[in-house]
Amino acid sequence: MNSQYKKGILELCVLSLIEQEDLYGYEIVQRISPRIEVTESTIYPLLRRLTKEGYCRTYMRDSSEGPARKYYVITTVGKNISVKWWGIGKCLV
């Protein structure tokens, strides 16, 4: 898969997932990896960039299985861009 194509698809997948529910990074990897070959080293930089660009924000939540986890939640800006990307995708199919 072309790396630029994969990057765009991953952004859309991540935004789509966190639009449905707040997730931490490893959960995101686990949900995407059965469909697209992806690792944590790909997802975490993407999450940092999406956060920096204002598409999502983070908060910490305690975990019963270890240290607190950083959860990602989509912002209004992220929802808007997600809707635009889905619209473009529908036009191309």
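Everything here concerns the structure above.
Residues numbered from 1 in each chain as written. Predicted model: local features only at pLDDT ≥ 70, side-chain atom pairs only at ≥ 80, totals over all residues. Heavy atoms only, no water.

Caption draft 1: Molecular detail of the overall build of the protein chain. On a plain count of helices and strands, the protein chain comes out with 4 helices and 3 strands. Across the protein chain, the fraction of contacts at a sequence separation of at least 24, relative to all contacts at a separation of at least 6, is 48%. When the accessible surface of the protein chain is summed, it comes to about 6200 Å², and 53% of that surface belongs to carbon and sulfur atoms. (Helix = DSSP H or I, 4+ residues; strand = E, 2+ residues; numbered from the N terminus. Contact = heavy atoms within 4.5 Å. Areas by Shrake-Rupley, 256 points an atom, 1.4 Å probe, with all protein chains shown as cover.)

Caption draft 2: Quick peek at the sheet that holds strand 3 (residues 66-74). Within the open sheet, the 3 strands sit side by side as 1-3-2. Their pairing is antiparallel. Because the sheet does not close on itself, it has two edges, and the strands there are strand 1 (23-24) and strand 2 (56-63). Bridge analysis of strand 2 against strand 3 gives 7 bridges, and the strand direction is antiparallel. Each bridged residue has a counterpart across the sheet, and for Arg-57 the counterpart in strand 3 is Val-73. The strands touched by helix 3 (residues 40-52) are strand 2 and strand 3; relative to strand 2, the strand with the most contacts, the crossing angle is about 120 degrees. (Pairing = 2+ DSSP bridges. Axes fitted to C-alpha atoms, helices over the stretch in contact; angles between N-to-C directions.)

Caption draft 3: Quick look at the nonpolar core. Grouped together as the largest cluster of nonpolar side chains are 20 residues, with contacts concentrated most on Val-14, Ile-18, Ile-28, Ile-32 and Ile-43. When contributions to this core are tallied by element, the ones reaching two or more residues are helix 1 (3-20), helix 2 (25-32), helix 3 and strand 3. Among residues more than four places away in sequence, those in contact with Ile-32 are Leu-10, Cys-13, Val-14, Leu-17, Val-38 and Ile-43. (Core = buried A, V, L, I, M, F, W, Y, C linked by side-chain atoms within 4.5 Å. Buried < 20%, exposed > 50% of the residue type's maximum accessible area, 1.4 Å probe, protein only.)

Caption draft 4: Spatial organisation of the pattern of salt bridges. Evaluation of the coordinates by the stated rule reveals 4 salt bridges. A salt bridge links Arg-49 to Glu-11; its shortest N-O distance comes to 2.0 Å. Of the two residues, Arg-49 sits in helix 3 while Glu-11 sits in helix 1, which places them 38 residues apart along the sequence. Ionic pairing is found between Glu-21 and Arg-31, a salt bridge with its closest N-O pair at 2.9 Å. (Salt bridge = Lys/Arg side-chain N within 4 Å of Asp/Glu carboxyl O.)

Purely spatial values, then, with no claim about function.
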